[in-house]
Amino acid sequence: MNINDIKRKLIINYANFRGFKTDRKIVVFESDDWGSIRMPSNEVYNKLLAKGYPVDRLSYLKYDSLESNSDLEMLFEVLTSFKDKNGNHPVITANTIVSNPDFEKIRASSFLEYHSELFTETLKRYPERDRVFELHKLGIKKKIFYPQLHGMEHVNVGRWMKSLRGNNEMIRFAFDNQLFDLSEHHTFVTKHSFMDTLHPASQEDLILQGERLQLATQQFKELYGYYSKTFIAPCYIWNRYHEKILKNEGVVIMQSGLFQKNPIIQNVNQYSKKLHYTGQRNEFNQIYTVRNCAFEPSNFQGENIVERTLNQIRRSFHYRKPAIISTHRLNFIGSLDMQNRQRNLEDLNKLIKSIIVEFPDVEFLTSDDLYPMLK
């Protein structure tokens, strides 16, 4: 074990030691990126690869796409195969992006104006997505799929639009193929990556982001019929201004990784880190919940992902913490590579079965189910 591994282990143990504790064996699956576009098709993937872009280096570009009917149906089949001690199925807290860029309208404005569309409109242009939103609502009804807010869009609007106007060849080529990001890293941000929605380059950007967040909360309510009580920032990047906006819109829990990346305005890849723990409060009396486990098989192929996640759950319960498991959408997507979905659903099945066998008193909850315990 190297020094970085030792340091990370100490930080994780410290975060687990602090804050809220419970003797209940609680498991929460938090899954990001639902509703957001990524790689549109294998045809686009192969075109980009032939052009020399290393889209095969990042699992999010290799496997992730707008969820399909089959993706949801097969995921739901696994979830409904199990029940906890209270008779509840495992449930995915599906952190959802409510809109995507409207590429044609942006082009029609000569890249001077940003336009977006609800993800339900985006679905209409993708094959085998005609029942996706219906399946979202079915998942809510069956208590196995519970959308929460991940943002208006998963793109840094201000920086992306500025780059499009700069006529950068890579960025324009991505745009022409209905993509807004070809970066090789998911969370390491550069001037040519745009996934970090809430990293402002100026005060003007910050105000725009606040307006987009306010609109996102309202559109989420119109889509699903309820307000989102929790929020997770794309790329774990946000600041107190965003928290204040979200507080005013009814968000009481900030989902988080171990660290919040607090953006430094005008410096694209610079931010200060803030360590969080479950039960911690901010100045607006919002509560942080921290992901202390991960089930990300698309990113850790070749490893025993089930045992890895189980060990993290054991550690969480040892510290009397809820096991809050990060598992991004790409793990359940098969439209680009069916084996990705099949392989990972088999591992998810093994994981849930192992949890129930080892912890028969387990309770499967959503992120906002934690609020009554934490407030």
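Not measured: the values here are computed from a predicted model.

The rules we used
- Residues numbered from 1 in each chain as written.
- Predicted model: local features only at pLDDT ≥ 70, side-chain atom pairs only at ≥ 80, totals over all residues.
- Heavy atoms only, no water.
- Helix = DSSP H or I, 4+ residues; strand = E, 2+ residues; numbered from the N terminus.
- Rg over C-alpha atoms; globule rule 2.2 N^0.38 Å.
- Buried < 20%, exposed > 50% of the residue type's maximum accessible area, 1.4 Å probe, protein only.
- Contact = heavy atoms within 4.5 Å.
- Areas by Shrake-Rupley, 256 points an atom, 1.4 Å probe, with all protein chains shown as cover.
- Lys, Arg positive; Asp, Glu negative; His and termini not counted.
- Charge placed at Lys NZ, Arg CZ, Asp CG, Glu CD.
- Axes fitted to C-alpha atoms, helices over the stretch in contact; angles between N-to-C directions.
- Parallel < 35°, antiparallel > 145°, perpendicular 65-115°, else oblique.
- Nonpolar A, V, L, I, M, F, W, Y, C, P; charged D, E, K, R; others polar.
- Pairing = 2+ DSSP bridges.
- Core = buried A, V, L, I, M, F, W, Y, C linked by side-chain atoms within 4.5 Å.
- Salt bridge = Lys/Arg side-chain N within 4 Å of Asp/Glu carboxyl O.
- Phe/Tyr/Trp six-rings, centres within 6.5 Å; stacked < 30°, edge-to-face > 60°.
- Lys NZ or Arg CZ within 6 Å of the ring centre and 35° of its normal.
- Left-handed = near helix turned anticlockwise from the far one by under 90°.

Engineer: Help me get a handle on the overall build of the chain, residues and values and all.
Structural biologist: When its secondary structure is counted, the chain shows 14 helices and 13 strands. Against the globule reference of 21 Å for 375 residues, the chain gives a C-alpha radius of gyration of 20 Å, in line with a compact fold. Each principal axis of the C-alpha distribution contributes one length, and for the chain these read about 60 × 50 × 45 Å. Burial statistics for the chain: of 375 residues in total, 58% are counted as buried. In the chain, 76% of the contacts between residues at least 6 apart in sequence involve partners at least 24 apart. Counting every atom, the chain has about 16000 Å² of accessible surface; 49% of that belongs to carbon and sulfur. Side-chain charges in the chain split into 51 positive and 45 negative, and the spacing between the mean points of these groups amounts to 5 Å.

Engineer: Describe in detail the side chain of Asn177, supporting the description with residues and values.
Structural biologist: Structurally, the position occupied by Asn177 is in the loop between helix H9 (169–176) and helix H10 (203–224). Overall, the relative accessible area of 6% leaves Asn177 in the buried class. Apart from residues lying up to four places away in sequence, Asn177 is in contact with Pro40, Val44 and Lys47.

Engineer: Go over the environment of Glu169 with me, naming the residues and quoting the values.
Structural biologist: Take Glu169: it is sitting in helix H9. The sequence separation of Glu169 and Gly302 amounts to 133 residues, and the corresponding C-alpha distance is 35 Å. Once you skip the residues sitting within four places of it in the chain, Glu169 turns out to touch Lys51 and Tyr53.

Engineer: How would you explain the packing of helix H8 (residues 157–165) against H9 if you had to name every residue and give the values?
Structural biologist: Contact geometry for H8 and H9: axes closest at 8 Å, N-to-C directions at 105°. Between H8 and H9, the interaxial angle falls into the category roughly perpendicular. On H9, the residues that touch Trp160, Ser163 and Leu164 of H8 are Ile171, Arg172 and Phe175. Of the residues that constitute the contact of H8 with H9, the class distribution is 4 nonpolar, 1 polar and 1 charged.

Engineer: I'd like a description of the pairing of strand S13 (residues 362–365), backed by residues and values.
Structural biologist: Within a regular beta strand, the side chains point alternately toward one face of the sheet and then the other, so they alternate between its two faces. Residues of S13 alternate between two faces, with Val362 and Phe364 on one and Glu363 and Leu365 on the opposite face, all of them buried. Sheet topology note: the strand S1 (residues 25–34)/S13 ladder contains 4 bridges and is parallel. Bridging across to S13, Val28 finds its partner in Leu365.

Engineer: Which residues make up the nonpolar core, and what values do they have?
Structural biologist: If you look at the biggest cluster of nonpolar residues, it comprises 75 residues, and the most contacted ones within it are Val27, Phe29, Leu75, Trp160, Phe231, Ile313 and Leu348. Among all residues touching Trp160, those that are not within four sequence positions of it are Pro101, Phe103, Ile106, Tyr114, Val155, Ile171, Phe175, Leu179, Phe180 and Phe194.

Engineer: How would you summarise the pattern of salt bridges if you had to cite specific residues and measurements?
Structural biologist: The final tally for this structure, using the stated rule, is 17 salt bridges. Arg341 is paired through a salt bridge with Asp71; the nearest N and O atoms lie 2.8 Å apart. Of the two residues, Arg341 sits in helix H13 (residues 338–358) while Asp71 sits in helix H4 (residues 69–79), which places them 270 residues apart along the sequence. Given the relative accessible area of 7%, Arg341 is considered buried. Relative accessible area serves as the criterion here: at 1%, Asp71 is assigned to the buried category.

Engineer: Let's hear about the pairing of S1: which residues, and what values?
Structural biologist: Burial of S1 is extensive: 9 of the 10 residues sit out of reach of the surface. With 4 bridges joining them, S1 and strand S12 (residues 323–326) adopt parallel strand pairing. When the bridges of S12 are listed, Val28 appears paired with Ile324. Sheet topology places S1 next to strand S2 (residues 92–97); 5 bridges connect them, and they run parallel. Within S2, the residue paired with Phe29 across the bridge is Ile92.

Engineer: Tell me what's going on with the packing of aromatic side chains, and back it up with residues and numbers.
Structural biologist: Applying the stated criterion across every chain yields a total of 16 aromatic pairs. Grouping aromatic residues by their ring pairs yields a cluster made of Phe103, Phe111, Tyr114, Trp160, Phe175 and Phe180. The ring of Phe111 carries the charged tip of Arg172 above its face, separated from the ring centre by 3.8 Å. The ring centre of Phe259 lies 5.2 Å from the NZ or CZ of Lys273, which sits over that ring.

Engineer: Go over the packing of H4 against H13, please, and point to the residues and values.
Structural biologist: Contact geometry of H4 with H13 gives a least axis separation of 10 Å together with a crossing angle of 20°. By the angle between their directions, the pair H4 and H13 is classed as roughly parallel. The interaxial crossing formed by H4 with H13 has right-handed handedness. Counted together, Ser70, Asp71, Met74, Leu75, Val78 and Leu79 of H4 and Arg341, Gln342, Leu345, Leu348, Asn349 and Ile352 of H13 form the full contact between these two elements.

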